[in-house]
Amino acid sequence: MDSLDGLANDVIACRACPRLVAWREEVAATKRAAYRDWTYWGRPVPGFGDPGARIVVVGLAPAAHGANRTGRMFTGDRSGDFLYASLHRMGLANQPDATGIDDGLVLRDVYITAPVRCAPPQNKPTAAERDACRPFLARELALLNRARVFVALGAIGYDAAATELAVKPRPRFAHGLEVTVPGGPILMCSYHVSQQNTFTGRLTPGMLDQVFQKALAHAGAPSGG
(Lines give C-alpha, C1' and ligand atoms only; values in the text may rest on other atoms or scores of the structure.)
Protein backbone atom coordinates (compact mmCIF):
# COMPACT_ATOMS: atom_id res chain seq x y z
CA MET A 1 0.00 0.00 0.00
CA ASP A 2 1.11 3.53 -0.73
CA SER A 3 1.79 5.89 2.18
CA LEU A 4 2.80 9.50 2.70
CA ASP A 5 6.14 8.32 4.13
CA GLY A 6 6.76 6.17 1.08
CA LEU A 7 5.80 9.03 -1.19
CA ALA A 8 8.15 11.39 0.66
CA ASN A 9 11.02 8.96 0.14
CA ASP A 10 10.26 8.76 -3.59
CA VAL A 11 10.05 12.55 -3.85
CA ILE A 12 13.37 13.08 -2.08
CA ALA A 13 15.13 10.54 -4.30
CA CYS A 14 13.86 12.01 -7.59
CA ARG A 15 16.35 13.24 -10.21
CA ALA A 16 14.00 13.26 -13.20
CA CYS A 17 14.57 16.85 -14.36
CA PRO A 18 18.21 17.69 -15.20
CA ARG A 19 17.70 21.47 -15.15
CA LEU A 20 16.09 21.42 -11.71
CA VAL A 21 18.64 18.98 -10.29
CA ALA A 22 21.50 21.19 -11.50
CA TRP A 23 19.92 24.37 -10.13
CA ARG A 24 18.91 23.06 -6.71
CA GLU A 25 22.39 21.59 -6.19
CA GLU A 26 24.19 24.69 -7.45
CA VAL A 27 22.20 26.87 -5.04
CA ALA A 28 22.93 24.44 -2.21
CA ALA A 29 26.66 24.58 -2.96
CA THR A 30 27.04 28.33 -3.51
CA LYS A 31 24.51 29.41 -0.83
CA ARG A 32 23.41 32.93 0.05
CA ALA A 33 25.85 34.85 2.22
CA ALA A 34 23.34 35.08 5.07
CA TYR A 35 23.12 31.28 5.18
CA ARG A 36 26.77 30.35 4.58
CA ASP A 37 26.83 28.29 7.79
CA TRP A 38 23.80 26.26 6.74
CA THR A 39 23.96 22.81 5.19
CA TYR A 40 21.36 23.23 2.45
CA TRP A 41 18.81 20.49 1.84
CA GLY A 42 19.33 20.75 -1.93
CA ARG A 43 16.86 17.97 -2.82
CA PRO A 44 13.17 17.72 -3.73
CA VAL A 45 10.86 18.75 -0.90
CA PRO A 46 8.01 16.47 0.25
CA GLY A 47 4.65 17.67 1.51
CA PHE A 48 4.19 18.66 5.13
CA GLY A 49 1.35 18.68 7.63
CA ASP A 50 -1.47 16.69 9.16
CA PRO A 51 -2.08 13.40 7.28
CA GLY A 52 -5.74 13.60 8.31
CA ALA A 53 -6.09 17.19 7.09
CA ARG A 54 -9.40 18.45 5.79
CA ILE A 55 -7.70 21.49 4.23
CA VAL A 56 -4.91 21.02 1.66
CA VAL A 57 -2.83 24.00 0.52
CA VAL A 58 -1.31 23.73 -2.96
CA GLY A 59 1.54 26.15 -3.67
CA LEU A 60 4.00 26.37 -6.54
CA ALA A 61 7.54 25.11 -5.82
CA PRO A 62 10.26 25.37 -3.17
CA ALA A 63 12.14 28.66 -2.93
CA ALA A 64 15.86 28.46 -3.67
CA HIS A 65 16.93 29.74 -0.25
CA GLY A 66 13.74 28.74 1.59
CA ALA A 67 12.53 25.15 1.35
CA ASN A 68 15.53 24.19 -0.82
CA ARG A 69 17.64 25.22 2.18
CA THR A 70 15.51 23.90 5.03
CA GLY A 71 13.87 20.84 3.46
CA ARG A 72 10.30 21.77 4.43
CA MET A 73 7.57 23.47 2.44
CA PHE A 74 7.40 27.28 2.86
CA THR A 75 10.04 27.20 5.59
CA GLY A 76 12.82 29.74 5.92
CA ASP A 77 11.58 32.57 3.71
CA ARG A 78 9.21 35.54 3.75
CA SER A 79 6.50 33.70 1.85
CA GLY A 80 6.40 31.05 4.55
CA ASP A 81 6.40 33.69 7.29
CA PHE A 82 3.27 35.19 5.73
CA LEU A 83 1.53 31.83 5.24
CA TYR A 84 2.27 30.28 8.62
CA ALA A 85 1.36 33.46 10.47
CA SER A 86 -2.09 33.24 8.90
CA LEU A 87 -2.41 29.53 9.69
CA HIS A 88 -1.47 30.29 13.29
CA ARG A 89 -4.09 33.04 13.54
CA MET A 90 -6.66 30.56 12.24
CA GLY A 91 -5.70 27.90 14.77
CA LEU A 92 -4.23 25.62 12.13
CA ALA A 93 -0.59 25.91 13.28
CA ASN A 94 0.84 25.84 16.80
CA GLN A 95 3.21 28.76 16.11
CA PRO A 96 3.57 31.56 13.55
CA ASP A 97 7.24 30.96 12.78
CA ALA A 98 8.82 28.48 10.37
CA THR A 99 12.61 28.68 10.44
CA GLY A 100 13.84 25.10 10.10
CA ILE A 101 12.77 21.49 10.04
CA ASP A 102 13.36 21.12 13.79
CA ASP A 103 11.61 24.32 14.91
CA GLY A 104 8.66 22.52 16.53
CA LEU A 105 6.04 23.66 14.01
CA VAL A 106 2.96 21.42 13.98
CA LEU A 107 0.00 21.82 11.64
CA ARG A 108 -3.52 20.74 12.56
CA ASP A 109 -6.14 19.87 9.95
CA VAL A 110 -4.01 21.34 7.17
CA TYR A 111 -1.44 19.84 4.82
CA ILE A 112 0.85 21.78 2.48
CA THR A 113 2.10 20.56 -0.87
CA ALA A 114 3.15 21.83 -4.29
CA PRO A 115 2.96 20.65 -7.90
CA VAL A 116 6.74 21.08 -8.33
CA ARG A 117 9.09 19.68 -5.67
CA CYS A 118 12.43 21.21 -6.71
CA ALA A 119 13.38 24.89 -6.65
CA PRO A 120 13.20 26.16 -10.25
CA PRO A 121 15.34 28.99 -11.66
CA GLN A 122 13.46 32.31 -11.41
CA ASN A 123 10.64 30.36 -9.71
CA LYS A 124 9.45 29.31 -13.18
CA PRO A 125 9.19 25.56 -13.81
CA THR A 126 8.66 24.49 -17.40
CA ALA A 127 5.56 22.65 -18.53
CA ALA A 128 7.63 19.47 -18.93
CA GLU A 129 8.92 19.80 -15.36
CA ARG A 130 5.40 20.25 -14.02
CA ASP A 131 4.30 17.17 -15.97
CA ALA A 132 7.20 15.11 -14.61
CA CYS A 133 6.24 16.02 -11.05
CA ARG A 134 2.52 15.48 -11.51
CA PRO A 135 2.44 11.81 -10.40
CA PHE A 136 3.68 12.83 -6.96
CA LEU A 137 0.78 15.23 -6.48
CA ALA A 138 -1.72 12.67 -7.78
CA ARG A 139 -0.48 10.08 -5.29
CA GLU A 140 -0.48 12.61 -2.47
CA LEU A 141 -4.03 13.80 -3.04
CA ALA A 142 -5.23 10.19 -3.21
CA LEU A 143 -3.63 9.56 0.19
CA LEU A 144 -5.13 12.70 1.72
CA ASN A 145 -8.55 11.13 1.63
CA ARG A 146 -10.12 13.29 4.35
CA ALA A 147 -9.55 16.50 2.39
CA ARG A 148 -12.69 18.59 1.92
CA VAL A 149 -11.14 21.88 0.80
CA PHE A 150 -8.16 22.66 -1.43
CA VAL A 151 -6.64 26.14 -1.23
CA ALA A 152 -4.56 26.96 -4.30
CA LEU A 153 -1.94 29.67 -3.90
CA GLY A 154 -1.51 31.19 -7.34
CA ALA A 155 -2.48 30.17 -10.86
CA ILE A 156 -0.04 27.27 -11.21
CA GLY A 157 -1.25 25.71 -7.96
CA TYR A 158 -4.82 26.23 -9.12
CA ASP A 159 -4.20 24.59 -12.50
CA ALA A 160 -2.49 21.62 -10.85
CA ALA A 161 -5.25 21.10 -8.27
CA ALA A 162 -8.01 21.62 -10.85
CA THR A 163 -6.40 19.02 -13.09
CA GLU A 164 -6.21 16.40 -10.34
CA LEU A 165 -9.76 17.15 -9.20
CA ALA A 166 -11.03 17.03 -12.82
CA VAL A 167 -12.63 20.47 -12.63
CA LYS A 168 -14.69 21.04 -15.79
CA PRO A 169 -15.43 23.64 -16.94
CA ARG A 170 -12.47 25.38 -15.32
CA PRO A 171 -13.10 29.01 -14.33
CA ARG A 172 -10.25 31.45 -14.77
CA PHE A 173 -8.01 31.87 -11.71
CA ALA A 174 -8.95 34.75 -9.43
CA HIS A 175 -8.32 35.54 -5.79
CA GLY A 176 -11.35 34.42 -3.80
CA LEU A 177 -12.58 32.04 -6.48
CA GLU A 178 -14.43 28.98 -5.14
CA VAL A 179 -15.22 25.96 -7.29
CA THR A 180 -17.34 23.11 -5.99
CA VAL A 181 -16.35 19.77 -7.48
CA PRO A 182 -19.54 17.73 -8.04
CA GLY A 183 -19.64 15.03 -5.40
CA GLY A 184 -16.29 16.13 -4.12
CA PRO A 185 -14.33 18.87 -2.38
CA ILE A 186 -14.26 22.64 -2.80
CA LEU A 187 -11.33 24.28 -4.57
CA MET A 188 -10.53 27.80 -3.36
CA CYS A 189 -8.01 30.30 -4.71
CA SER A 190 -5.73 32.92 -3.25
CA TYR A 191 -2.99 35.03 -4.71
CA HIS A 192 0.36 33.39 -4.01
CA VAL A 193 2.13 34.44 -0.81
CA SER A 194 5.18 35.59 -2.78
CA GLN A 195 6.92 38.80 -1.77
CA GLN A 196 5.86 40.25 -5.12
CA ASN A 197 2.28 40.04 -3.86
CA THR A 198 2.66 40.61 -0.13
CA PHE A 199 5.14 43.50 -0.26
CA THR A 200 2.99 45.40 -2.75
CA GLY A 201 -0.25 44.90 -0.83
CA ARG A 202 -1.84 42.83 -3.57
CA LEU A 203 -2.25 40.14 -0.91
CA THR A 204 -2.73 41.37 2.66
CA PRO A 205 -2.83 39.33 5.88
CA GLY A 206 -6.54 40.02 6.14
CA MET A 207 -7.18 38.73 2.61
CA LEU A 208 -5.38 35.46 3.33
CA ASP A 209 -7.06 35.08 6.71
CA GLN A 210 -10.43 35.46 5.01
CA VAL A 211 -9.59 32.64 2.60
CA PHE A 212 -8.69 30.31 5.45
CA GLN A 213 -11.73 31.37 7.49
CA LYS A 214 -13.91 30.32 4.56
CA ALA A 215 -11.89 27.12 4.12
CA LEU A 216 -12.49 26.23 7.77
CA ALA A 217 -16.20 26.88 7.35
CA HIS A 218 -16.39 24.68 4.25
CA ALA A 219 -14.33 21.94 5.86
CA GLY A 220 -16.32 21.87 9.07
CA ALA A 221 -12.94 21.78 10.80
CA PRO A 222 -12.50 23.11 14.35
CA SER A 223 -10.58 26.37 14.71
CA GLY A 224 -8.70 28.03 17.53
CA GLY A 225 -6.53 26.64 20.32
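One can find the structure itself at the top, above this paragraph.
Residues numbered from 1 in each chain as written. Predicted model: local features only at pLDDT ≥ 70, side-chain atom pairs only at ≥ 80, totals over all residues. Heavy atoms only, no water.

Caption draft 1: Structural view of the environment of phenylalanine 74. Within the element layout of this structure, phenylalanine 74 appears in the loop between helix H3 (67–70) and helix H4 (78–89). Expressed as a C-alpha distance, the spacing of phenylalanine 74 and tyrosine 84, which sit ten residues apart in the sequence, is 8.3 Å. In this view, phenylalanine 74 contacts Gly59, Ala67, Ser79, Gly80, Leu83, Tyr84, Ala98, Ile112, Leu153, His192 and Val193; residues no more than four positions away in its chain are not counted. (Helix = DSSP H or I, 4+ residues; strand = E, 2+ residues; numbered from the N terminus. Contact = heavy atoms within 4.5 Å.)

Caption draft 2: Region of interest: the state of the cysteines. Scanning all chains against the criterion turns up zero disulfides. With no disulfide of its own, cysteine 14 lies closest to cysteine 17 among cysteine sulfurs, the gap being 6.3 Å. Accessibility expressed as a relative area gives 22% for cysteine 14, which makes it partly exposed. No disulfide involves cysteine 133; its sulfur sits 6.3 Å from that of cysteine 14, the nearest cysteine. Residue classification places cysteine 133 among the buried residues on the basis of a relative accessible area of 10%. (Disulfide = S-S within 2.5 Å. Buried < 20%, exposed > 50% of the residue type's maximum accessible area, 1.4 Å probe, protein only.)

Caption draft 3: Geometry of the packing of aromatic side chains. Under the definition given, this model contains two aromatic pairs. Ring centres of tyrosine 158 and phenylalanine 173 lie 6.0 Å apart, and the angle between their planes is 50°; this geometry places the pair in the tilted category. Within this pair, whereas tyrosine 158 is found in helix H6 (residues 155–164), its partner phenylalanine 173 is found in the loop between H6 and strand E5 (178–180), the two being separated by 15 residues in sequence. The side chain of arginine 69 reaches across the aromatic face of tyrosine 35, ending 3.6 Å from its centre. The ring of tyrosine 191 is capped by arginine 202, whose NZ or CZ atom sits 4.0 Å from the centre of that ring. (Phe/Tyr/Trp six-rings, centres within 6.5 Å; stacked < 30°, edge-to-face > 60°. Lys NZ or Arg CZ within 6 Å of the ring centre and 35° of its normal.)

Caption draft 4: View of the pairing of strand E2 (residues 55–58). Taking every second residue as pointing to the same face, both faces of E2 are buried, with Ile55 and Val57 on one and Val56 and Val58 on the other. In the sheet, E2 pairs with strand E3 (residues 110–113) via four bridges, with the strands oriented parallel. Bridge pairing in E3 places valine 56 opposite tyrosine 111. Relative to strand E4 (residues 149–153), E2 is paired through four bridges, and the arrangement is parallel. Note that in E4 the partner of isoleucine 55 across the bridge is valine 149. (Pairing = 2+ DSSP bridges.)

Caption draft 5: A look at the side chain of arginine 117. Take arginine 117: it is sitting in the loop between E3 and helix H5 (127–143). Overall, the relative accessible area of 1% leaves arginine 117 in the buried class. Within the local environment of arginine 117, its side chain forms a polar contact with the side chain of threonine 113, the two groups lying 3.2 Å apart. Among residues more than four places away in sequence, those in contact with arginine 117 are Val11, Arg43, Pro44, Val45, Pro46, Gly47, Pro62, Met73, Cys133, Phe136, Leu137 and Glu140. (Polar contact = N/O pair within 3.5 Å; in protein donor to acceptor, adjacent residues only side chain to side chain.)

Caption draft 6: The arrangement of H4 in detail. Here H4 contains twelve residues, and its C-alpha end-to-end distance of 17 Å stays within 8% of the 16 Å for a straight helix at 1.5 Å per residue. Among the residues of H4, Ser79, Gly80, Phe82, Leu83, Tyr84, Ala85, Ser86 and Leu87 are the ones counted as buried. Elements that come into contact with the buried residues of H4 comprise strand E1 (48–49), E3, E4, helix H7 (195–198) and helix H8 (205–219). A side-chain oxygen of the first residue of H4 lies 3.3 Å from the backbone nitrogen of serine 79; this N-cap is aspartate 77. (Expected span 1.5 Å × (residues − 1).)

Caption draft 7: Representation of the packing of helix H1 (residues 4–13) against H5. Remark: H1 packs on H5, axes separated minimally by 10 Å, with the N-to-C direction vectors making an angle of 165°. By the criterion of interaxial angle, the relationship of H1 to H5 is roughly antiparallel. The handedness of the crossing between H1 and H5 is left-handed. Here Leu4, Gly6, Leu7, Asp10 and Val11 of H1 come into contact with H5, specifically with Phe136, Arg139, Glu140 and Leu143. (Axes fitted to C-alpha atoms, helices over the stretch in contact; angles between N-to-C directions. Parallel < 35°, antiparallel > 145°, perpendicular 65-115°, else oblique. Left-handed = near helix turned anticlockwise from the far one by under 90°.)

Caption draft 8: Layout of the pairing of strand E6 (residues 186–190). Here E6 lies mainly inside the structure; five of its five residues are buried. In E6, alternate side chains face the same way, and those of Ile186, Met188 and Ser190 on one face and Leu187 and Cys189 on the other are all buried. Where E4 and E6 come together, five bridges link them in parallel fashion. Paired with leucine 153 across the two strands is serine 190, which belongs to E6. Pairing analysis gives three bridges linking E5 to E6, with the strands arranged antiparallel. Its bridge partner lying in E6, glutamate 178 is registered against methionine 188. The turn joining E5 and E6, which pair antiparallel and follow one another in sequence, is formed by five residues; a positive phi near 70° is taken by glycine 183.

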